[in-house]
There are 2 protein chains.
Amino acid sequence: MTSQAAKQVPSDLFNGLNTRQLIETVEVLKRDTTLAKFEFRARNEWIDGVENRSVIQGFYGAGAEDESRLVPFTYTSGEPPVLLGANEGANAGEFLLHALAACVTSTAVMHATARGIRIGSISTELRGVVDLQGALALDPAVPAGFQQITVNMAIKADCSDAELDDLLELVHKHSAICDTVCRPVPVVLKRV
Amino acid sequence: MTSQAAKQVPSDLFNGLNTRQLIETVEVLKRDTTLAKFEFRARNEWIDGVENRSVIQGFYGAGAEDESRLVPFTYTSGEPPVLLGANEGANAGEFLLHALAACVTSTAVMHATARGIRIGSISTELRGVVDLQGALALDPAVPAGFQQITVNMAIKADCSDAELDDLLELVHKHSAICDTVCRPVPVVLKRV
């Protein structure tokens, strides 16, 4: 039973990642960098008031349309009563914090795995400050979006504190969402 | 029965928004701008591999801790098989697109309401292009995040096309998430 169970565990799983696939993916992308181009997508419908819903399914990447998702993901956004909603779902700012949390966590796990660091646990706590005068167009000097976002990460791993600090520096630079927030990224809004 | 139902509909609902509350909120914020400061939050736990989960509940705003959410929202993030996951949930980039879709939609509804424009429908389709060489640290010249995000919005309302174009210009400027993506926003990542 024990040896049977041992056989079932792929020897190349590390931090829950298939390291053989990770290495192969990197090698393939090095040979043909066009395969690294991905296009992610979302469709959203207004329901009423501050409630709306996104459907997420297909994307393009690794040179092909992905067809792995037989059922789409759907996420409802809303607002709390103080912001004219009925808590239909988290609001857009909170979904952005979730996206950032997810990205720094996965980026930490991926780069730790590449460095042979075994992760025990990762917890993050995020806080984003915003002044609603911007979104409500009450003061042109106040930006509409977040003024700053703080991510406190508690991470346990089989390495030194210095190695963890190195890892976090790498994460700050190479997390796709951290970079999207820190760097000015053009958003084209078109009426169709 | 009909007159009973008619009585139950508040006369100040427009585009599903309580316009009386919207006007009062703006007046209150004009008198005391400190009430416009909000802090949104998320907590996230790594589960395994590329799977992690956020819990979203409390926030600070309008001068107080919000206590309207008796049950927290939870959202699971994952990756498709081509990115080493098992479609445990949408990935971080897709959650960011959802946040952006939700925000431009709600911002359009809010400012349309303030202008007396009645919305019939809003649908958005978002596409974000990213080159994974950045996130994988394979090429230092390639940024980790989105290169550009396109939002195509189909909107029906009881106003002219010129008024809709004005509205979309306002939305681009005053959507909190559009601004967060377009403007460089500092992210502080700390180990605790």
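In short, a report on the structure.

Calculation criteria
Residues numbered from 1 in each chain as written. Chains lettered and ligands numbered in written order. Predicted model: local features only at pLDDT ≥ 70, side-chain atom pairs only at ≥ 80, totals over all residues. Heavy atoms only, no water. 1 Å grid on protein atoms, 1.4 Å probe; cavity = no way out; pocket = protein on both sides within 12 Å on 5 of 7 lines; lining within 4 Å. Points joined across faces, edges and corners; volume = space filled by probe spheres on them. Helix = DSSP H or I, 4+ residues; strand = E, 2+ residues; numbered from the N terminus. Nonpolar A, V, L, I, M, F, W, Y, C, P; charged D, E, K, R; others polar. Salt bridge = Lys/Arg side-chain N within 4 Å of Asp/Glu carboxyl O. Buried < 20%, exposed > 50% of the residue type's maximum accessible area, 1.4 Å probe, protein only. Expected span 1.5 Å × (residues − 1). Polar contact = N/O pair within 3.5 Å; in protein donor to acceptor, adjacent residues only side chain to side chain. Contact = heavy atoms within 4.5 Å. Buried area = accessible area lost by both parts, 1.4 Å probe. Pairing = 2+ DSSP bridges. Least-squares fit on C-alpha atoms with pLDDT ≥ 70 in both. Core = buried A, V, L, I, M, F, W, Y, C linked by side-chain atoms within 4.5 Å.

Take the layout of surface pockets next. Any empty space left between atoms is shown by rolling a water-sized probe over those atoms. By volume, the largest pocket amounts to about 200 Å³. Every residue along the wall of the largest pocket is listed here: A:T19, A:L22, A:I23, A:V26, A:M110, A:H111, A:T113, A:A114, B:L136, B:A137 and B:L138. Of all the secondary-structure elements, those providing two or more residues to the lining of the largest pocket are helix 2 (19-31) and helix 3 (92-114) of chain A. Considered class by class, the residues forming the lining of the largest pocket number 8 nonpolar, 3 polar and no charged.

Within the secondary structure layout, A:M153 lies in strand 9 (residues 146-157). A:M153 sits 59 residues away from A:E94 along the chain, and the two C-alpha atoms are 17 Å apart.

Glancing now at the pattern of salt bridges. Side chains that carry opposite charge are capable of pairing whenever their charged atoms lie near each other. Scanning all chains against the criterion turns up 20 salt bridges over all chains. When the shortest N-O distance is used, the salt bridge between B:D161 and A:R191 registers 3.7 Å. Note that B:D161 is positioned in helix 5 (residues 161-174) and A:R191 in strand 10 (residues 187-191), a pairing that runs across two chains. Its salt-bridge partner being B:D12, residue B:R20 comes within 2.9 Å of it at the nearest N-O pair. Overall, the relative accessible area of 12% leaves B:D12 in the buried class.

On to helix 3 (residues 92-114) of chain B. All names here are of chain B. Over its 23 residues, helix 3 runs 33 Å from end to end, which matches the ideal 33 Å to within 8%, given 1.5 Å per residue. For helix 3, a buried count of 22 out of 23 residues is recorded, marking the element as mostly surrounded by other parts of the structure. Where helix 3 begins, the side chain of N91 points an oxygen toward the backbone nitrogen of G93, at a separation of 3.2 Å. Among the residues trailing helix 3, G116 stands out with phi positive, at a value near 75°.

Attention now goes to the interface of chain A and chain B. Contact residues are listed per partner, giving 122 residues for chain A and 121 residues for chain B. Buried area between chain A and chain B, both sides added, is near 11,300 Å², and the carbon and sulfur share of it is 63%. With a closest N to O distance of 2.8 Å, A:R191 and B:D165 form a salt bridge. At the junction of chain A with chain B, the criterion picks out 62 residue pairs in polar contact (both at pLDDT 80 or more). When grouped by side-chain class, the residues that make up the side of chain A that touches chain B number 65 nonpolar, 36 polar and 21 charged. Taken together, the 5 bridges between strand 10 of chain A and strand 9 (residues 146-157) of chain B define a ladder with parallel strand orientation. Bridging from a neighbouring strand, A:K190 pairs with B:N152 of strand 9 of chain B.

With an axial shift of 0.0 Å and an RMSD of 0.0 Å, the rotation relating chain A to chain B amounts to 180°. A rotation of that kind, with that shift, is consistent with a two-fold axis. Most of the interface of chain A is mirrored in chain B, where 99% of its interface residues are also at the interface.

Residue and element names in this part refer to chain A. Of note in the backbone geometry, N15 takes a positive phi value of approximately 55° without being a glycine. As for its placement among the helices and strands, N15 is situated in the loop between strand 1 (13-14) and strand 2 (17-18). A residue is classified by how much of its surface remains accessible, and N15, at 5% relative accessible area, is buried. Notably, A137 is not glycine yet its phi reads approximately 60°, a positive angle. Its place among the elements puts A137 in the loop between helix 4 (132-135) and strand 9.

Our focus in this paragraph is the nonpolar core. Core analysis: the biggest nonpolar cluster contains 109 residues, and A:L100, A:I149, B:L100 and B:I149 have the highest contact counts within it. Not counting chain neighbours up to four residues away, the residues in contact with A:I149 comprise A:L96, A:L97, A:L100, A:R127, A:G128, A:V181, B:P186, B:V187 and B:V188.

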